[in-house]
Amino acid sequence: MGPFLTMKSCERYVLLVALVLFSFVHQMSTSVTHYSIAEEMKEGSVVANLATDLSLDVKTLNQRKMRLDIIANKKYLDVNKETGELYVMEKIDREYICPTKSSASCYLKLEVILENPLRIFNIEIEILDMNDNAPQFRRDAIHLDISEATPKGERFSLSNAVDPDVGTNSVKTYHLSESEHFNIEVQTGRDGSKFAELILTKILDREQQAVHNLILTAVDGGTPARSGTVSIIVHVLDTNDNAPTFDKSIYNVEIIENSPIGSLVIDLNAIDLDEGSNSDVTYSYSLYTSEKTQETFHLNPSTGEITVKGMLNYEDFRFYDMEIIATDKGANSLSGQCTIKIVVEDMNDNHPEISIKSFQSPVNENIKLDTVIAVVSVNDKDSGDNGVVDLHVPDNMPFRLRESSDNYYELVVSEPLDREKVPEYDITFTVTDRGSPPLSDNETMTLELLDVNDNVPQFPQSFYTIRVMENNAPGALLSSLTAFDPDLHENQYLVYFILEKEIVNTSMSMLFSINPENGNLYALKTFDYEIETEFLFHIEARDSGSPPLSSNVTVHIIIVDQNDNAPVIVSPWRAHGSLVEEKIPRSTDKGSLVAKVIALDTDSVHNSRITYQFLQVTDATLFSLDQYNGEIRTMRMFSYRDPRYQRLVVVAKDNGQPALSATVTIKLSTVETAVKTYSDMTEVPLEYDIFSDLNLYLVIGLGSVSFLLLITILVTIVLKCQKPKSSKAAPPCRNSVISERNSTIADSTLVSNDAYWYSLFLAETRKGKMVVRQPVPKGSRYIVSSLPRGTGLTETSDSAASTLQVGIKLTCPLYIQLSINLPFVVTHYFYQNVRLRKKLTNIFQQYLQ
């Protein structure tokens, strides 16, 4: 209890002291000093001089510790102890110090305290209001929802503006931005505040203007006046007063045919100016839309999209009409409608069609120009350029198209046809439209050409040279002469013929035969090159057409020689193959001609080339043999050691394969003295098998004719020449020699008898010389001259022996030396020319018959 009583006693004591102090202070400050200042004064501004106003000594202010207390506020003011002035330390905001408008006055209470002695002065400073605040609305925007069905004159309350200033500086009036639908009316509240009411002056239409933006301005009464604004946003609430509408009453839509299923045709968008459910629109077909249209197109009831539902074909339907109804979802639903006309555009989707109305096949290859082969019609279901078609055939064919009527064409022949070049034509008719891209179609027809016999048989060569080896077997195949005829069937079947040509009463069909079917040429006999060397005739190939055509070819048969004839030794002549005996003086000089072997071969030039060789020789050092002309000469002079008789075996070999040969044996005997001469010579007839009975007649006939020719030439020469001059005697020339009957050897030419002379004549003639034998008037000697052919003048060793030799001046236009031996020259030429011999033989046989 004790401690509790003590505490209570202390509290009472403190309260009593406080009351005493309060009463003392109240007594000390009962007088109040008033000042008035405007708010928002600058810092440092002097309000009043307290030392003067309170009658205080300025000098004692520091000693008395003068201080200034502001009751319940910030220290806006302070006292300068040096001067005693009250000045502004911080700007004073009246609205901050006095936030309420309960009183029009606003005071700032101060206490000035001095010590020694203690004194307290009460100071009240009235803060005068300045129009430093503009009216402000509590919100930045005022939102109002007004139905478009609201009647005119309806009022709507608006929140008022607040101005911290007081008196005339507070809100005085309101202003509304210009609007044809709204106006305001300013009202005064019980507390004197001003507020505005919004009045609807014109019926609203949400579809015309769904939101109205207004500006409300609050203006105070200060000078200058300040104002504040707020936005009034009026939302017009919708009512279902508008039906859905389309932007067009009729829509024209073009869509290409064959558009894929689901392709968008048109996207309808019916507009309902209402909002919410009143503007939600559904789409549907009207009862006037055909079922075909509804089957072809799909209408989305929510979005209004019309898409392709079925196949569009320009050729089936080109136009579609439909009516679409748009209905809103309002309580009292409203609707609108439109018409859609859909035009299907043609697409180049139909290929042109070709129809062959007539086609003539096969035709003859010689068909006339401009003949109609085919009639073709073309068609295209498309329209416009897509339906315009062009028909053509390949340019490299001998045909052309001729338009006969609308979309009808004729195919005619434009160039001559030749089945052998092109047996058939695959004619492709190509039709192309003019669409983009173009479409085409084609039809191929085969035109066959019938063969006409318009080609002659053709041989690969125009001239055939066939070489046939002599001694062929009869019936041997010579060659196959096959012709070609490009025609067909019977026009192609060929038959071969030998065109008849007689040769010495001999028909070609007796010598040759040809297979009429395949053209194989056969020999019917064995040919002998020494009798006939060639044949020239024609072979004809004829087809079986109507009329038949033919062509021929020249065939040249050349008989090729074989080495089937052995050489025949004609000099030195011997009877029945006996030895040839010759005598020579032992005093014969080196290089003297001992004998000359001459052999003849009736084969061709190649096979008849004869070479001579010693087969046997008694002394190889004594004699030499020229392998080409057969001359046997001494290689040295005879000595006493050499035997009297020398045996020489000479072989004459031809150039054939295999080579054939003949031999002659010459027995030489040496004599010491010269052999006596005889007054005449006994000529031994030449027994050589080349002079058959028939040929002997020919030789006689040729000799007679040659003799008559000689007389004619001599008479002509005598008449033509001015002065005939006989040849003068001249010394013996190098090629002249005097020989006796017993083969006395002279300088270079050996003459023994007529046969030997003839052999010598043949050999020398082959060398290109002319040999002339002349008789001696007084004796049995002969003069033999060996002259080069074409030599102008020949002089003999005896002038008396030139009775048969005619000399003509060089001034004569013709210089000829002939002798009695002209028949022998003709005979030799006759035997050398086989073809001439054959012809003459045939002629002579006909004459004998």
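Preceding this paragraph is the structure being described.
The structure contained in this document is the topic of the report that follows.

Criteria and thresholds
- Residues numbered from 1 in each chain as written.
- Predicted model: local features only at pLDDT ≥ 70, side-chain atom pairs only at ≥ 80, totals over all residues.
- Heavy atoms only, no water.
- Salt bridge = Lys/Arg side-chain N within 4 Å of Asp/Glu carboxyl O.
- Helix = DSSP H or I, 4+ residues; strand = E, 2+ residues; numbered from the N terminus.
- Buried < 20%, exposed > 50% of the residue type's maximum accessible area, 1.4 Å probe, protein only.
- Core = buried A, V, L, I, M, F, W, Y, C linked by side-chain atoms within 4.5 Å.
- Pairing = 2+ DSSP bridges.
- Axes fitted to C-alpha atoms, helices over the stretch in contact; angles between N-to-C directions.
- Phe/Tyr/Trp six-rings, centres within 6.5 Å; stacked < 30°, edge-to-face > 60°.
- Disulfide = S-S within 2.5 Å.
- Contact = heavy atoms within 4.5 Å.

### As for the pattern of salt bridges
- The tally for this structure, following the rule as stated, stands at 19 salt bridges.
- For the salt bridge of glutamate 275 with arginine 206, the shortest nitrogen-to-oxygen distance reads 3.6 Å. With a gap of 69 residues between them, glutamate 275 in the loop between β18 (264–267) and β19 (281–285) and arginine 206 in the loop between β14 (194–200) and β15 (211–220) connect regions that are remote in the sequence.
- Overall, the relative accessible area of 38% leaves glutamate 275 in the partly exposed class.
- One salt bridge connects arginine 419 with glutamate 420, and the closest N-O pair in it is separated by 3.2 Å.
- Each member of the salt-bridge network shares a partner with another, and the members are Arg206, Glu207, Asp238 and Glu275.

### Focus: the nonpolar core
- If you look at the biggest cluster of nonpolar residues, it comprises 29 residues, and the most contacted ones within it are Leu50, Leu77, Leu86, Leu108, Leu110 and Ile125.
- Of all the secondary-structure elements, those providing two or more residues to this core are β1 (32–38), β2 (46–49), α2 (50–53), β3 (67–70), β4 (77–80), β5 (85–88), β6 (107–114) and β7 (119–128).

### Examining the sheet that holds strand β12 (residues 171–176)
- Strand order across the open sheet formed by four strands is β9-β16-β15-β12, with mixed pairing between neighbours. What marks the edges here is a single partner per strand, and that holds for β9 (141–147) and β12. Mean inter-strand twist for the sheet, computed between neighbouring axes without regard to direction, equals 25 degrees.

### Things to note about the pairing of strand β32 (residues 463–469)
- The two faces of β32 differ: Tyr464, Ile466 and Val468 on one face are buried, but Phe463, Thr465, Arg467 and Met469 on the other face are not.
- Here β32 runs beside strand β38 (residues 550–560); their pairing, made up of seven bridges, is parallel. Bridge pairing in β38 links methionine 469 to valine 560.

### Looking at the packing of aromatic side chains
- Going through the model one piece at a time under the given rule, you end up with 11 aromatic pairs.
- With centroids separated by 5.4 Å and ring planes inclined at 80 degrees, the aromatic side chains of phenylalanine 512 and phenylalanine 535 adopt a geometry described as edge-to-face. Of the two residues, phenylalanine 512 sits in strand β35 (residues 512–514) while phenylalanine 535 sits in strand β37 (residues 534–543), which places them 23 residues apart along the sequence. Of the two residues, phenylalanine 512 and phenylalanine 535, both sit in the buried class.

### Structural notes on the sheet that holds strand β31 (residues 440–450)
- On the basis of which strands lie adjacent, the open sheet formed by four strands has the order β25-β31-β30-β27 and mixed pairing. The strands lining the two open edges of the sheet, one partner per strand, are β25 (363–364) and β27 (389–392).
- Alignment of strand β30 (residues 424–433) against β31, held across nine bridges, turns out to be antiparallel. When the bridges of β31 are listed, threonine 430 appears paired with asparagine 442.

### Some points on the state of the cysteines
- Enumeration over the complete set of coordinates arrives at one disulfide.
- Between the sulfur of cysteine 98 and that of cysteine 106 lies a disulfide, 1.7 Å long from S to S. Taking the sign of the torsion about the S-S bond as the criterion, the disulfide between cysteine 98 and cysteine 106, at about 80 degrees, is right-handed.
- We classify cysteine 98 as buried; its relative accessible area is 17%.

### Here's the deal with the pairing of β5
- Burial of β5 is one-sided: the residues Leu86 and Val88 facing one way are buried, the residues Glu85 and Tyr87 facing the other way are not.
- Bridge analysis of β2 against β5 gives three bridges, and the strand direction is antiparallel. For alanine 48, the partnering residue across the bridge sits in β5 and is leucine 86.
- Note: β4 against β5, four bridges, orientation antiparallel. In the strand pairing of β5, leucine 77 is matched with valine 88.
- Once β4 ends, the chain turns through four residues before running back antiparallel as β5, passing glycine 84 with a positive phi of about 80 degrees.

### Considerations on the environment of valine 88
- In this structure, valine 88 sits in strand β5.
- Judged by relative accessible area, valine 88 falls into the buried class, the value being 1%.
- Valine 88 sits 13 residues away from lysine 75 along the chain, and the two C-alpha atoms are 9.1 Å apart.
- When near neighbours in sequence (up to four residues on either side) are disregarded, valine 88 contacts Met41, Lys42, Glu43, Gly44, Ser45, Val47, Tyr76 and Leu77.

### So, the side chain of threonine 217
- Topologically, threonine 217 is positioned in strand β15.
- Of the residues examined, threonine 217 reaches a relative accessible area of 18% and is grouped as buried.

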